[in-house]
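Working through the structure, step by step
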Amino acid sequence: MYGLGILKGLGVTLKHFLNTYIDDIRWKGKRYYTPEGLAHRSSKSATGIFTVQYPEEKLPIPEEFRFIPFLVYEEKEDGTKEYRCTSCGICSKVCPPQCIWIIRSTDPNTGRPIPDPAEFTIDADVCMSCGLCAEFCPFDAIKMDHTYELANYNRSRNSIYDKEKLGKPVSYYAQVRPINFAREEAARAEAEAIRAARRSTS
Amino acid sequence: MSYPELALETDLTYMFPEIVTRDTRPGYDGYLVDPSHLIEFATSLRDKIGYDYLTSVTGVDYINDGKMEVVYHIRKSTGGVPLVFKVQLPREEPVVASLVPLFPGAEFQEREAWDLLGIKFTGHPDLRRILMWEGFDGHPLRKDWREGYFEDEGKPFKSRWPEGHFQKSENRNPFGRNVDYPAGFDPEEWVAQPETALYSSLDKMTREEETGIDTEQIIINLGPQHPSTHGVFRMAVKLDGETIVGLKPVMGYLHRNHEKIGERNTYLANFPYTDRLDYFCSMSNNFGYALAIEKLMGVKPPERTEYIRVIMAELTRIVNHVSTIGFLLNDLGAYFTPILYAFEERELILDIFEAVSGSRMMCNYFRFGGVSRDLPEGILDKIKDLVFERLTRKIDELELYLTNNEILRHRSEGVGILTPEQALAFSTTGPLLRASGVPYDLRRADPYSIYDRFEFDVAVRYHGDVYDRYLVRIDEIRQSIRILQQAVKGIPEGPVQEGRPQYQVRVPPGESYGRVEGPKGELGFYVISNGKPNPWRYHVRAPSFINLTPLEQMCIGQKVADVVVILGSIDIVLGETDR
């Protein structure tokens with residue numbers, strides 16, 4: 001019958017349309033603005049409309065999500081920050097758009113380099129969030145962030161990230177990437193144990 | 001590293017003495033052909049030995065030897081590894097015979113080689129610039145050409161560390177101006193001469209008047225700002241009433257000279273750039289590039305990685321095909337309902353990509369000899385849920401929704417026909433080729449990775465019209481689901497990286513052509529290494545670009561409204577077309 005294909009197609013549309021309301025009733029008003037509702041809408045059993053009501057609700061961010069790097073620092077008891085970065089420069093060498101600028105500190109007396117960056121600048125407008133810097137940092141000092149709402153009104157003032165703006169405490173890192181953090185801490189403890197054992201034997 | 005032993009019945013150097021010699025440079029393969037006998041050689045290759053499918057034409061600038069080389073990759077449509085042959089030309093005046101009369105598919109690629117490298121092809125019907133504009137000075141892929149913000153021949157730049165005093169790149173302009181014009185070119189005075197060239201190339205097409213009534217032919221421009229062109233793509237169309245008599249695609253609006261950037265980059269740093277070629281399918285772009293460099297380096301990824309790669313590549317294919325079908329329906333006038341149904345599945349797959357690689361679209365997941373990290377916990381179950389429970393059901397629903405829709409069939413059946421002979425001659429690849437009745441799929445014709453272990457069929461349809469291109473994509477989604485089902489069952493445990501991950505890889509000198517059957521067609525990376533940290537040549541054989549070659553052929557005789565649909569059925573992404 002001519003037009004049967006169209007009718008069947010319209011049936012699919014009608015099903016999609018009705019499914020949204022059926023789902024609404026089934027979830028008794030909890031389909032939106034609740035974590036469970038959101039998880040349901042992005043699961044294999046999702047039916048009906050799947051819109052996420054951004055910015056009132058946001059998709060949960062997986063651990064590996066990456067957006068603009070940050071520098072990890074340890075908080076000392078006296079309130080000072082100890083950056084893990086040793087200014088070895090691997091991140092700036094590996095950076096594909098070359099947006100990492102590092103000035104290495106030198107000892108004013110000897111003129112020798114000190115493993116601590118005097119300045120660390122990232123042009124967030126140039127950064128392509130590829131994550132290679134975090135992947136190849138041997139000191140776990142630079143990591144990828146989870147904040148993605150970075151729109152601003154003045155790019156030359158707000159999009160150039162200096163050391164101060166890039167720095168975030170270890171506790172923040174442990175909070176956004178718990179699995180990675182635990183793995184790295186375990187590896188660090190193991191390396192420390194080996195070193196201690198070697199020291200005691202020698 | 002080179003291609004496997006060529007299965008040639010006879011060595012070509014015996015068949016063509018004095019014309020052909022073996023390319024004996026270390027790490028290189030194939031044959032060097034005397035430029036004055038190129039046509040003769042290519043004709044016999046096509047007619048006597050059966051190499052009927054010219055996939056890639058590109059050039060290489062060997063500035064230190066004073067040579068310019070044109071590299072051809074040619075295949076048999078029955079399958080097998082490609083044959084590589086090259087002609088070497090003097091760098092000052094590189095002129096060679098055009099292969100367009102033999103292989104029309106070389107048309108855009110030769111124009112590109114002229115545009116970017118300055119190689120002249122005699123006998124080319126329409127040798128104009130293709131990606132750059134007419135007011136552009138020089139040929140940017142030549143090694144002595146430097147960009148406006150030139151800093152160094154290769155990354156990493158020395159200004160970044162240890163004395164990295166921050167400087168915005170737009171404040172740094174070594175030439176005092178960042179645009180160069182050819183001699184005698186004044187942008188103030190300039191009126192669109194290239195447009196004249198474009199339109200006069202259209203004027204070559206005349207239509208025999210059958211009716212005897214003299215009708216006026218008009219030229220209209222579709223694009224570059226037009227939603228149906230899927231980006232900034234322009235078609236200058238010559239119309240007789242509503243019937244198309246001539247069409248010239250104009251592209252390059254999104255050109256950023258990806259290949260030059262690639263030659264400045266280190267090998268590893270190219271990965272995130274390949275993501276941005278075809279931004280719908282970053283996983284398969286990574287795949288092709290990884291294969292090319294792994295071939296040079298001689299590393300093989302571990303077993304688990306091979307499975308992960310196949311899973312990601314096939315998920316990408318599903319993402320691409322559902323979106324293509326959705327966009328095609330948009331072009332047909334089914335405004336946004338089908339595409340949103342398609343996007344529902346796409347979102348679920350992108351969620352997986354995000355959890356695995358850290359980004360939904362710019363995945364940057366593959367590494368040389370591995371992938372950047374193992375699958376996170378629970379992701380494999382999510383993929384299983386999708387491929388075993390949801391996707392098949394949803395594709396059935398999409399088919400019920402669209403396949404027998406009378407309006408869709410009226411608009412697409414018999415529209416934009418490409419015969420199998422044309423499809424091969426025009427070097428088309430991917431669904432466009434397979435919808436024309438040529439069952440050519442690299443995963444079967446020249447298997448890479450571990451595709452030879454999976455059971456699947458090469459989707460093929462025989463009418464070569466828009467409707468068959470739609471159907472062939474549906475078929476391919478089903479085959480991808482089949483591959484995925486086998487892959488998620490068979491994936492072993494184990495490491496995901498061969499050796500230690502390194503940020504500076506040592507790539508031995510030589511050439512390599514890595515290619516994958518991307519969702520849009522054969523995506524090839526032709527890389528030449530000279531042992532330095534940056535590639536000497538990095539060429540992308542972009543399927544969306546080359547698949548546009550027969551666009552005019554498909555559109556002539558159709559109505560103007562069909563152009564949009566035909567373009568939609570080719571499935572182009574401008575990030576890849578313009579590079």
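Just so you know, these numbers come straight off a predicted model, no measurement behind them.

Regarding its fold elements, chain A presents eight helices and seven strands. Over its C-alpha trace chain A gives a radius of gyration of 25 Å, far above what one expects of a compact globule, namely 17 Å for 202 residues. The principal-axis extents of the C-alpha atoms in chain A amount to approximately 90 × 50 × 35 Å. Counting every position in chain A, which comprises 202 residues, the buried fraction comes to 23%. Considering only contacts within chain A whose residues lie at least 6 apart along the sequence, 65% involve residues at least 24 apart.

With that settled, consider the overall build of chain B. Helices and strands together make up the secondary structure of chain B, namely 19 helices and 17 strands. A globule of 579 residues ought to have a C-alpha radius of gyration of about 25 Å, and chain B, at 24 Å, matches this closely. Oriented by its inertia axes, the alpha-carbon framework of chain B measures out at about 65 × 65 × 60 Å. Looking at chain B as a whole, 49% of its 579 residues qualify as buried. Contacts in chain B between residues at least 24 apart in sequence constitute 69% of all its contacts with a sequence separation of at least 6.

Once that is clear, we can look at the sheet that holds strand β8 (residues 217-222) of chain B. All names here are of chain B. Here we have three strands laid out as an open sheet, ordered β8-β11-β12, and antiparallel in their pairing. Looking at the sheet topology across the chains shown, the edges are occupied by β8 and β12 (243-250). In this sheet, neighbouring strand axes are inclined to one another by 20 degrees on average, regardless of whether the strands run parallel or antiparallel. As paired strands, β8 and strand β11 (residues 234-240) are joined by six bridges and run antiparallel to one another. Note on β11: the bridge partner recorded for Asn 221 is Ala 236. Relative to β11, helix α18 (residues 560-570) is tilted by about 150 degrees, and along the sheet it contacts β8, β11 and β12.

Here we take up the environment of Ile546(B). Residue and element names in this part refer to chain B. Inspection of the secondary structure puts Ile 546 in helix α16 (residues 543-546). Counting along the chain gives 490 residues from Ile 546 to Ser 56, while the straight-line C-alpha distance between them is 8.9 Å. Not counting the four nearest positions on each side in its chain, Ile 546 is found in contact with Gly 105, Phe 108, Gln 109 and Ser 427.

What follows concerns α18(B). All names here are of chain B. The buried fraction of α18 is high, at nine of 11 residues. Looking only at α18, the buried set comprises Asp 562, Val 563, Val 564, Val 565, Ile 566, Leu 567, Gly 568, Ser 569 and Ile 570. Among the residues trailing α18, Asp 571 stands out with phi positive, at a value near 70 degrees.

Residues and elements named next belong to chain B. Along strand β17 (residues 537-541), five of the five residues are buried, which leaves the element largely enclosed by surrounding structure. In β17, alternate side chains face the same way, and those of Arg 537, His 539 and Arg 541 on one face and Tyr 538 and Val 540 on the other are all buried. Taken together, the five bridges between strand β16 (residues 521-529) and β17 define a ladder with antiparallel strand orientation. Directly across from Gly 524, in β17, lies its bridge partner Arg 541.

Turning to the nonpolar core, a few remarks are in order. In terms of nonpolar packing, the biggest core is built from 178 residues, with Leu71(A), Cys133(A), Ile293(B), Ile311(B) and Ile566(B) touching the most fellow members. Ignoring any residue separated from it by four or fewer positions in sequence, one finds Ile293(B) in contact with Tyr267(B), Phe368(B), Val507(B) and Val527(B).

Take the interface of chain B and chain A next. Between chain B and chain A, the residue contacts involve 43 residues of the former and 41 residues of the latter. Mapped onto the side of chain B that touches chain A, the elements with two or more residues apiece are α6 (270-275), α9 (337-357), α10 (379-402) and α11 (406-412) of chain B. Counted by class, the side of chain B that touches chain A contains 19 nonpolar, 11 polar and 13 charged residues.

This part takes up the sheet that holds strand β15 (residues 510-518) of chain B. Residue and element names in this part refer to chain B. Read across the open sheet, the three strands follow the order β15-β16-β17; overall the sheet is antiparallel. Each edge of the open sheet is held by one strand with a lone partner, namely β15 and β17. The average angle at which neighbouring strand axes cross in this sheet is 10 degrees, direction not considered. In the sheet, β15 pairs with β16 via nine bridges, with the strands oriented antiparallel. The residue bridging Gly 514 from the neighbouring strand is Phe 525, located in β16.

Scored by pLDDT, chain A has a mean of 88; 100% of the residues are at 70 or more. The secondary-structure element of chain A with the lowest mean pLDDT is helix α5 (residues 155-158) of chain A, recorded at 83, while strand β5 (residues 142-145) of chain A shows the highest, at 91.

All names here are of chain B. At a minimum axis separation of 8 Å, helix α8 (residues 303-332) and α9 run at an interaxial angle of 160 degrees. By the criterion of interaxial angle, the relationship of α8 to α9 is roughly antiparallel. Once α8 is placed against α9, the crossing between them reads as left-handed. Mapping the contact onto sequence places Leu 315, Ile 318, Val 319, Val 322, Ser 323, Ile 325, Gly 326, Phe 327, Leu 329 and Asn 330 in α8 and Pro 338, Ile 339, Ala 342, Phe 343, Glu 345, Arg 346, Ile 349 and Ile 352 in α9. Considered class by class, the residues forming the contact of α8 with α9 number 13 nonpolar, three polar and two charged.

By convention, interface size is frequently given as the accessible area that disappears when the constituent parts associate. Residue and element names in this part refer to chain B. By the assigned domains, chain B splits into domain 1 (12-122) and domain 2 (258-577). For domain 1 versus domain 2, the separation of C-alpha centres amounts to 27 Å. Listed per partner, the contact involves 23 residues of domain 1 and 24 residues of domain 2. Mapped onto the side of domain 1 that touches domain 2, the elements with two or more residues apiece are β3 (53-62), β4 (67-75) and α3 (107-117).

By the secondary structure assignment, Gln175(A) is in helix α7 (residues 170-176). Put simply, Gln175(A) and Glu63(A) are 112 residues apart on the chain and 9.9 Å apart in space, counted from C-alpha to C-alpha.

Below, the discussion takes up unusual backbone geometry. Of the consecutive residues Lys155(B) and Pro156(B), the connecting peptide bond is found in the cis state with omega at 0 degrees. Along the chain, the position of Pro156(B) falls in the loop between β7 (120-122) and α4 (193-203). The step from Trp161(B) to Pro162(B) runs through a cis peptide bond, and the omega angle for that step is 0 degrees. Structurally, Pro162(B) is set in the loop between β7 and α4. Of note in the backbone geometry, Tyr33(A) takes a positive phi value of approximately 60 degrees without being a glycine.

All names here are of chain B. Direction vectors running N to C along helix α7 (residues 282-297) and α8 enclose 135 degrees, while the axes themselves pass 8 Å from each other. For the element pair α7 / α8, the angle class is oblique. Classified by chirality, the crossing of α8 by α7 is left-handed. Residues Met 283, Ser 284 and Phe 287 of α7 form the contact with α8, whose own contacting residues are Arg 309, Met 312, Ala 313 and Thr 316.

The next subject is the environment of Leu380(B). Tracing the sequence through the fold places Leu380(B) in helix α10. Here Leu380(B) is in contact with Leu375(B) and Val488(B), once residues within four sequence places are set aside.

Residues and elements named next belong to chain B. Of the residues in chain B, 93% reach a pLDDT of 70 or more, and the chain-wide mean stands at 85. The model gives residues 1-7 a pLDDT under 50, and that stretch makes 15 contacts with residues more than four places away or in other chains. Among the scores for the predicted complex, ipTM is 0.90 and pTM is 0.89.

Here is what the cut-offs are and how they apply
- Each chain has its residues counted from 1, following the order in which its sequence is written.
- Chains and ligands are labelled sequentially in the order written, the chains with letters from A and the ligands with numbers from 1.
- Restriction of local features to residues with pLDDT of at least 70 applies here, the model being predicted, together with a cutoff of 80 or more for giving and counting side-chain atom pairs; totals for whole chains, interfaces and linings are based on all residues.
- Each helix is a run of H or I in the DSSP string that is no shorter than four residues. Each strand is a run of E no shorter than two, and both are numbered from the N terminus.
- Values of the radius of gyration come from C-alpha atoms, whereas the globule rule sets the reference at 2.2 Å times the count of residues to the power 0.38.
- Partly exposed residues are those falling between the two cut-offs: more than 12 but fewer than 20 other C-beta atoms within 10 Å of their own, whereas 20 or more means buried and 12 or fewer means exposed, with C-beta atoms placed from the backbone.
- Here, residue contact means that the backbone-derived C-beta atoms of the two residues sit within 7 Å.
- Should DSSP find at least two bridges between two strands, the strands are regarded as paired.
- Between N-to-C directions, angles cover 0 to 180 degrees, with each direction set by a line fitted to C-alpha atoms, over the stretch in contact for helices.
- Buried Ala, Val, Leu, Ile, Met, Phe, Trp, Tyr and Cys residues form a nonpolar core when they are connected through C-beta atoms within 7 Å.
- Each residue is assigned to one of three groups, with Ala, Val, Leu, Ile, Met, Phe, Trp, Tyr, Cys and Pro labelled nonpolar, Asp, Glu, Lys and Arg labelled charged, and all others, Gly among them, labelled polar.
- pLDDT measures the predictor's confidence residue by residue and takes values from 0 up to 100.
- When describing relative orientation, an angle under 35 degrees is termed roughly parallel and one over 145 degrees roughly antiparallel, while 65 to 115 degrees is termed roughly perpendicular and anything else oblique.
- Each helix crossing is assigned a hand: it is left-handed if the near helix lies turned anticlockwise from the far helix by less than a right angle, otherwise right-handed if that turn is clockwise.
- Residue ranges labeled as domains rest on an automatic or database domain assignment.

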